[in-house]
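These are the residues of each chain, in order.
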Amino acid sequence: MNPNFDAIGQEFVRHYYNVFDDKMKRETIAAMYHPTEALLTFEGQQFQGVAAIQDKMKAIPLDNMIRQCTTIDCQPTVDGGVLVTVIGQLKNNAENDKVMGFTQTFVLKPGNGSFFIHHDIFRLALHNC
């Protein structure tokens with residue numbers, strides 16, 4: 001297990017959202033994923049591989065969103081990777097827009113002297129009761 005798992009996870013989250021939240025850079029985020037094996041589940045929709053993930057990233061309508069991360073929890077995996085769970089809030093710049101909670105979980109795997117995203121699950125925390 002990687003003893004630096006928390007620092008790796010924290011830095012990854014900072015970098016990931018800096019790229020993701022920049023509309024001009026968002027589609028380049030696909031380079032952080034494993035080219036063929038990466039899996040993304042976004043609001044229940046499944047995408048596999050960089051091409052499919054890149055297409056999805058281009059289509060996400062978050063251009064006017066402000067993100068705030070509430071917690072970032074990290075755990076080491078037995079293969080030297082890192083499991084990262086982020087809980088936070090999204091808010092549109094619109095004056096009357098409601099804050100939406102979200103959770104996102106990543107499995108980072110080591111490779112080529114760095115880490116890549118192997119699994120990514122994103123879900124808005126909406127209650128349908």
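Residues numbered from 1 in each chain as written. Predicted model: local features only at pLDDT ≥ 70, side-chain atom pairs only at ≥ 80, totals over all residues. Heavy atoms only, no water.

- For the protein, an unreviewed UniProt entry supplies the name Nuclear transport factor 2 and the organism Elysia chlorotica.
- As its UniProt record puts it under Function (unreviewed entry), the protein is described as follows: "Has a role in nuclear-cytoplasmic transport of proteins and mRNAs." (UniProt positions renumbered as here; feature names shortened; annotations may be inferred.)

**Quick word on the nonpolar core**
Phase 1: Formed by 29 residues in total, the largest nonpolar core has its most connected members in Tyr 16, Tyr 33, Met 57 and Phe 106.
Phase 2: Mapped by element, the contributors of at least two residues to this core are α1 (5-20), β1 (39-42), α2 (50-59), β4 (82-92), β5 (100-111) and β6 (114-124).
Phase 3: Ranked by the residues each element gives to this core, the list is headed by α1, at seven residues. (Core = buried A, V, L, I, M, F, W, Y, C linked by side-chain atoms within 4.5 Å. Buried < 20%, exposed > 50% of the residue type's maximum accessible area, 1.4 Å probe, protein only. Helix = DSSP H or I, 4+ residues; strand = E, 2+ residues; numbered from the N terminus.)

**Comments concerning the environment of Pro 61**
Phase 1: Within the fold, Pro 61 resides in the loop between α2 and β3 (65-76).
Phase 2: On the basis of relative accessible area, Pro 61 is assigned to the exposed category, the value being 69%.
Phase 3: Once the C-alpha coordinates of Pro 61 and Ile 121 are considered, the two residues, 60 residues apart in sequence, prove to be 17 Å apart.

**Topic: the pairing of strand β2 (residues 45-48)**
Looking down a regular strand, the side chains alternate between one sheet face and the other.
Phase 1: With four bridges connecting them, β1 and β2 associate as antiparallel partners. By the bridge assignment for β2, Leu 40 is matched with Phe 47.
Phase 2: Between β1 and β2, which pair antiparallel one after the other, the connecting turn spans two residues, and Glu 43 there sits at a positive phi close to 50 degrees. (Pairing = 2+ DSSP bridges.)

**Some remarks on the packing of aromatic side chains**
Phase 1: On inspection of all chains with the given rule, the structure shows eight aromatic pairs.
Phase 2: Ring geometry for Tyr 16 against Phe 20: centres 5.9 Å apart, planes inclined by 15 degrees, an arrangement best described as stacked. Here Phe 20 and Tyr 16 lie together in helix α1, a separation of four residues that amounts to about one turn. Of the two residues, Tyr 16 and Phe 20, both sit in the buried class.
Phase 3: Taken together, a centroid distance of 4.8 Å and an interplanar angle of 10 degrees make the contact between Phe 42 and Phe 122 stacked. Residue Phe 42 is located in strand β1, and its partner Phe 122 is located in strand β6; the two are separated by 80 residues in the primary sequence. (Phe/Tyr/Trp six-rings, centres within 6.5 Å; stacked < 30°, edge-to-face > 60°.)

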